[in-house]
Structures are given as C-alpha cells and as structure tokens.
Amino acid sequence: LGGESNAGALAGRKVLMTAGPTFEDLDPVRYLGNRSSGRMGYAVAQAAREAGAEVLLISGPVALADPPGVTVQRVRSALDMHRAVLDAVAGMDVFIGTAAVADYRPAQPAGQKIKKTRESLTVELVRNPDILAEVAARADRPFTVGFAAETDDVLGYARRKLEEKRLDLIAANTVGAGQGFEVDDNALTLLWPGGQQELPRASKAALARDLINVIAQRLHAPG
Ligand code: CTP
Ligand code: CA
C-alpha cells in the first residue's frame, strides 16, 4: 500500500458507486443539503476505473468533472439516487456507497416559494431509504462497501454500521474541523468482519487507490 498503482486489480469487474451529497427540496428555490464535495467518491471511481473496472457512478450535485472512462449518472435527491441504484445493481460485482445521502427529506415540498409571512416555520422531515443497507440485503448482493463519516467514536460507530448493515467493508472517516469534507487530504480506517487496516493521512487519490487494492484483495479472500 501507500497509494501505489493498482492496474488490473479489478479487471473485468463491474462497479456501481454513489458519490456526493443529495439535495432535498423544500420548495422550487430552496433545498436541504450537506457539505460533501464528492471528491473522495470521484477519486474512488477514478481509481476503480484505473484498476480495470467498468464503473457506473450515481452522483449527487457536485462541481466536479466526470472521471475519464467512468459513466456518470447525475441525480439530485436521495429518492432519485435510490431509484438509480436499484435500477442498476443487478449484475454488479461491487457496490461502493460514498455518497453523503440525506437521512431525511421534507415531508411535503411546497409547490410555490415559501413566503416569510410567519415568525417561525416548522418543516416536517421524513426518513429516506438507506440505499447501502438495501443493496447489502439483496439475495444477489454485490461485494458491498460503505463509508462512515463520524465526528466522534469513529471506529465504534463504523464497526456497528458494518455489522448492522451486513457490509463486507466500511471506510471510517473523521469529519469536521478541517477533516473529511471540503479538504484534499483525508485519512481512513478500513474495517471488515474480523479485521481492520489504517490508511494514514494522504491525498484522496492515493487513499482511493489503496482502498481499491484492499477491496480487490478482500473480493478474492476466502470467507
Ligand atoms: N447511506 C445510504 N443511504 C442513506 C444513508 C446512508 O446509502 N439513506 C450510506 C452512505 O453512503 C454511507 C453509509 O450509508 O456509505 C453510512 O452513512 P452514514 O451517514 O455514516 O450512516 P447512517 O447509516 O446514515 O447513520 P447516521 O447518519 O445516523 O450515523
Ligand atoms: Ca447519515
């Protein structure tokens, strides 16, 4: 490891990914979003492509160019992303969920711009489907990889997500205070059932190559 090349590690494999934030509309001009830039996910898509995979990236709204050789399908909301993933997942070898999917959406998006007639405004939110957990629960599941962005007890929460969503691998990531979102460097801890590995602070491109190499190894690992 250490950001080394991974040519051929995923040759002939089909990889489905999500990346970026989702935007949840409140009315025709406003939405709820989050601080995901999509850069980690786009770096992983590019690394998977460079490793020889055929890559379909379902992307939320980001200001990034499509990685060369990667098929990018743009979506806006968590429900759009959910539909796009379920439409594409059959026959995939690997699913990597890097998107910062909104956990909640406005229950009733307004058809017209909301006016400031009242002193306070309460918006009811309802939970979005968990795309990653649904992929992992399928009978024909691909090798399923999640990300866990946490501000505290990072490894504890990540291990719990690995087990509760029955993932094959999770990449845990500390966010906030100059780490994780909106920055070029990152550090990850990879966790799988029965093991873990640190990927120390490096560029997102180098981390992405290491992550893809570990995915390729575990894909071939017995059990
Ligand atoms: N994820 C997803 N669909 C959702 C929410 C999350 O596919 N509706 C995926 C993310 O892409 C990520 C993983 O689940 O790979 C973990 O996301 P995270 O927000 O860290 O965890 P949650 O399960 O949403 O739990 P919480 O936000 O309460 O920590
Ligand atoms: Ca979440």
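Predicted, not measured: the structure shown is a model, and the values here were computed from it. (Residues numbered from 1 in each chain as written. Chains lettered and ligands numbered in written order. Predicted model: local features only at pLDDT ≥ 70, side-chain atom pairs only at ≥ 80, totals over all residues. Heavy atoms only, no water.)

Draft legend 1. Structural detail: the coordination of the calcium ion (ligand 2). Only Asp103 (OD) and Asp103 (OD) from the protein reach the calcium ion (ligand 2) as donors, at distances of 2.5 Å. Among the secondary structure elements, Asp103 is positioned in the loop between β6 (94–97) and β7 (104–106). (Donors = N, O, S within 2.8 Å, 3.2 Å for Na, K, Ca; no water. Helix = DSSP H or I, 4+ residues; strand = E, 2+ residues; numbered from the N terminus.)

Draft legend 2. Just the pairing of strand β2 (residues 24–27), in detail. The sheet contact formed by β2 and strand β3 (residues 30–32) spans three bridges and is antiparallel. Within β3, the residue paired with Asp25 across the bridge is Tyr31. (Pairing = 2+ DSSP bridges.)

Draft legend 3. How the structure looks around the layout of surface pockets. Approximately 1,000 Å³ is the volume attributed to the largest pocket. As for the largest pocket, its lining consists of 42 residues, and the residues nearest its centre are Ala99, Ala100, Val101, Asp103 and Phe147. When contributions to the lining of the largest pocket are tallied by element, the ones reaching two or more residues are β1 (14–19), α1 (39–50), β6, α3 (131–136), β9 (143–150), α4 (154–164) and β10 (169–174). The leading source of residues in the lining of the largest pocket is α4, at four residues. Taken together, the residues that form the lining of the largest pocket break down as 19 nonpolar, 13 polar and ten charged. In this structure, the second largest pocket occupies an estimated 220 Å³ of space. Lining the second largest pocket are 13 residues, and of these Arg39, Tyr42, Ala43, Gln46 and Ala205 sit closest to its centre. At six residues, α1 tops the list of elements feeding residues into the lining of the second largest pocket. Its residues assigned to classes, the lining of the second largest pocket comprises seven nonpolar, one polar and five charged. (1 Å grid on protein atoms, 1.4 Å probe; cavity = no way out; pocket = protein on both sides within 12 Å on 5 of 7 lines; lining within 4 Å. Points joined across faces, edges and corners; volume = space filled by probe spheres on them. Nonpolar A, V, L, I, M, F, W, Y, C, P; charged D, E, K, R; others polar.)

Draft legend 4. Geometry of the environment of Arg105. With respect to the secondary-structure elements, Arg105 resides in strand β7. Residues Arg105 and Leu125, spaced 20 residues apart in sequence, show a C-alpha to C-alpha distance of 5.2 Å. Beyond its immediate chain neighbours, meaning those up to four positions away, Arg105 contacts Glu24, Leu79, Glu124, Leu125, Val126, Arg127, Asn128 and Pro129. Here Arg127 takes part through its backbone oxygen, which lies 3.3 Å from a polar atom of the side chain of Arg105. (Contact = heavy atoms within 4.5 Å. Polar contact = N/O pair within 3.5 Å; in protein donor to acceptor, adjacent residues only side chain to side chain.)

Draft legend 5. View of the UniProt feature "binding site: CTP" (unreviewed entry) in the protein chain. On the UniProt side, "binding site: CTP" (unreviewed entry) is annotated at positions that read Asp103, Lys113, Pro129, Asp130, Ile131, Leu132, Phe147, Lys161 and Lys165 here. Separation in sequence by 63 residues is matched in space for these annotated residues, since their most distant C-alpha atoms are 37.9 Å apart. The annotated residues that sit in the lining of the largest pocket are Asp103, Pro129, Asp130, Ile131, Leu132, Phe147, Lys161 and Lys165. Relative to the elements of secondary structure, Lys113 occurs in the loop between β7 and β8 (125–127). Note on Lys113: relative accessible area 45%, which makes it partly exposed. (UniProt positions renumbered as here; feature names shortened; annotations may be inferred. Buried < 20%, exposed > 50% of the residue type's maximum accessible area, 1.4 Å probe, protein only.)

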